[in-house]
Amino acid sequence: MLFASFLFLLFVFAFSGGTGRAFAAESSVIESVEITFKDLYGEQEEILTPDITTKTKGAFLSDVTFQKDVGKWVPGKRVRVKVQLSADEGRHFSTKINHSTCKVTGAVFDGYQTDREDHFTVWAYYTPVSVLGDTEKAGWNAARTKAIWTKVPHAPGYRVELYADDKKIKSFNNVRTSFLDLAEFVGDTSKIYYYEVKAIPLTSDEKKYLKEGNFVLSVTEEFPDSEEDEGGDEDGDETESEVAPRGTGSSTAYDTWRYVEREWYYIDSNGQPVVGWLYKDGNWYYMDRNGAMCTGWWDTGLDGRWCFFAGNGVLQMNTWIQSTPGSWYHVDVNGYMQTGWYRDSNGFWYWLDPVTGRMQIGWILLDGSWYYFNDRGEMHTGWLLFNKKWYYLAEDGKMLFDTTVGEYQFGSDGALVNSERLTEGLYYGIDPKYAGIE
């Protein structure tokens, strides 16, 4: 008997990792969430969606939705992503998960929400990455003193290597234009000069989402004068030839819209791109720090408030926004995304997530009280039949529980006790106000 007891203890010790502790049942509650975005680089100028995975124990990745089509992505320009996790059978997400226990790697965390106990949604901003392309042609001006090449899409700058008689004599590492004056380095007529040029990121931030292109060797081809000034001056300022007008008009006109590499800019009376807010023809627009017109959701930097701009750049105000299928948001009369409680002109109350602003539906626990919001997001009041059980929500939307009103008793879960008679009557259309609760 003693020997058998000894063997049992030895078995427990061995299978508990040598700690001598007894087994404990795995909790059914998922206490933390972890999501990873891994950059994927394709061919030159190709933009791929990231590899999104989760290490969340007891859950799996069930859906990923991007705010903008991949074909419209621009390297370095953030895209909002919705990632949905589903719990394994028998598991559910804790209501206590917060920012500190919701870890996002490779993207910027933007918020979370629990749709149901077995579903958890995380919002994040991902920055697309890409390998820069190569210039299509590189040549000289007629005097062979200025290097000129065609622009590479999304290239912040270029590196130029100058050679004389097959020997490198000068490197230029931060060229922000598509031309470079080399007159002071190519004066010896007895030598043969050529150069190589490739697109590169310039700043540490740009290097996070862009990889260098390949060197392209210059040819003896002469570029016409109209292309010599393509790309602005060597200090990085844009010239009139860089952008095309929005609509009709001359590309050299000021106080007009211009289009550059799939981005809209507004050029002011001084010939400079407008940055920040722009009021034009009765509409508001927002131009980012580079002067590019914003579309979709955008953080204007004003008290962390978000605004939504339509595809034509117009700020949306006092309206509902469905930026992705099934996700509704509301912006106020100033165009700012609303959060928390919102009451519309018809008197219906809605609950907009305090972090993401997304309209909520279904059961929501707020400040210790349960509320129910229908498929349109409207707060429910009065009797509610849910999963074959009856509940009652007061005029302020709070669910009754652990109480008795007249002949009706509500349990700790809010469900009506012994509700057969009421269920039959309400199912056939009896007005709730005659059910005995005012």
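**Observations concerning the sheet that holds strand β15 (residues 179–181)**
The three strands lie next to each other as β11-β12-β15, forming an open sheet whose pairing is antiparallel. Where the open sheet ends on each side, the last strands, each with one partner, are β11 (138–140) and β15. With direction set aside, neighbouring strand axes in the sheet form an average angle of 20°. Alignment of β11 against strand β12 (residues 146–149), held across three bridges, turns out to be antiparallel. Residue pairing in the sheet places Ala 138 in a bridge with Trp 149 of β12.

**Overview of the sheet that holds strand β18 (residues 216–217)**
Across the sheet, four strands lie side by side as β14-β13-β16-β18; this open sheet has antiparallel pairing. Edge positions in the open sheet fall to β14 (167–175) and β18, since each of these has one partner strand only. Bridge analysis of strand β16 (residues 193–200) against β18 gives two bridges, and the strand direction is antiparallel. Note on β18: the bridge partner recorded for Val 197 is Val 216.

**So, the pairing of strand β9 (residues 119–126)**
Consecutive side chains along a regular strand alternate between the two faces of the sheet. Taken across its eight residues, β9 has eight buried, putting it largely inside the fold. Taking every second residue as pointing to the same face, both faces of β9 are buried, with His 119, Thr 121, Trp 123 and Tyr 125 on one and Phe 120, Val 122, Ala 124 and Tyr 126 on the other. For strand β5 (residues 79–87) and β9, the ladder comprises eight bridges, and the chain directions are antiparallel. Looking across to β9, one finds that Leu 85 is bridged to Phe 120.

**Examining unusual backbone geometry**
Here the phi dihedral of Glu 45 falls at roughly 70°; this positive angle occurs in a residue that is not glycine. Looking at where Glu 45 falls in the secondary structure, it is placed in the loop between β2 (33–38) and β3 (51–54). Positive phi values are uncommon outside glycine, yet Asp 367 reaches one of about 50°. By the secondary structure assignment, Asp 367 is in the loop between β30 (362–366) and β31 (369–373).

**Quick look at the pattern of salt bridges**
For the coordinates displayed, the defined rule picks out eight salt bridges. Here Glu 161 ties to Lys 168 by a salt bridge, and the two come within 3.6 Å at their closest N and O atoms. For Glu 161, a relative accessible area of 8% translates into the label buried. For Lys 168, a relative accessible area of 45% gives the class partly exposed. A single salt-bridge network, built from bridges that share partners, covers Arg 159, Lys 198 and Glu 212.

**Focus: the environment of Arg 262**
Considering the arrangement of structural elements, one finds Arg 262 in the loop between β20 (256–260) and β21 (263–267). C-alpha of Arg 262 to C-alpha of Lys 72: the two residues are 190 residues apart in sequence and 8.9 Å apart in space. Here Arg 262 is in contact with Gly 71, Trp 73, Val 74 and His 154, once residues within four sequence places are set aside.

**Regarding the confidence of the model for the chain**
Model confidence for the chain is summarised by a mean pLDDT of 82, while 81% of its residues fall at 70 or above. Scored below 50 in pLDDT, residues 5–25 shows seven contacts in the model against residues more than four places distant or in partner chains. The model gives residues 225–251 a pLDDT under 50, and that stretch makes 67 contacts with residues more than four places away or in other chains.

**Comments concerning the state of the cysteines**
Going through the model one piece at a time under the given rule, you end up with zero disulfides. We note that Cys 294 lacks a disulfide partner, and the nearest cysteine sulfur, in Cys 307, lies 9.8 Å from it. Residue classification places Cys 307 among the buried residues on the basis of a relative accessible area of 0%.

**A look at the pairing of β21**
Counting buried positions over the five residues of β21 gives four, a clear majority of the element. Of the pairings in the sheet, the one linking β20 to β21 comprises five bridges and is antiparallel in character. Of the residues in β21, the one forming a bridge with Val 260 is Glu 263.

**So, the environment of Lys 103**
Mapped onto the elements of the fold, Lys 103 is located in strand β7 (residues 102–105). A relative accessible area of 48% places Lys 103 in the partly exposed class. A C-alpha to C-alpha distance of 8.0 Å links Lys 103 and Ser 32, two positions 71 residues apart in sequence. Ignoring sequence-local partners within four residues, the contact set of Lys 103 consists of Val 33, Glu 34 and Ile 35.

Thresholds applied
- Every chain's residues receive numbers from 1 upward, in the order its sequence appears when written.
- Local features are withheld for residues below a pLDDT of 70 in this predicted model, meaning they are given only at 70 or higher, and side-chain atom pairs are given and counted only at 80 or more; totals for whole chains, interfaces and linings count all residues.
- Side-chain metrics in this entry use all non-hydrogen atoms of the structure; hydrogen atoms and water are not considered.
- Criterion used throughout: strands pair if DSSP finds at least two bridges between them.
- Going along the chain from the N terminus, every DSSP run of H or I of four or more residues is numbered as a helix, and every run of E of two or more is numbered as a strand.
- Angles here are taken between N-to-C directions and fall from 0 to 180 degrees, while the axes themselves are lines fitted to C-alpha atoms, restricted in helices to the stretch in contact.
- Exposure categories follow from relative accessible area, calculated using a 1.4 Å probe and restricted to protein chains: below 20% of the type maximum is buried, above 50% is exposed, and the middle band is partly exposed.
- The term salt bridge refers to a pairing of a side-chain nitrogen on Lys or Arg with a carboxyl oxygen on Asp or Glu at a separation within 4 Å.
- In this description, contact between two residues means that some pair of their heavy atoms is separated by no more than 4.5 Å.
- Scored between 0 and 100, pLDDT is the confidence that the predictor attaches to each residue.
- Note that a disulfide, as used here, is simply two cysteine sulfur atoms within 2.5 Å.

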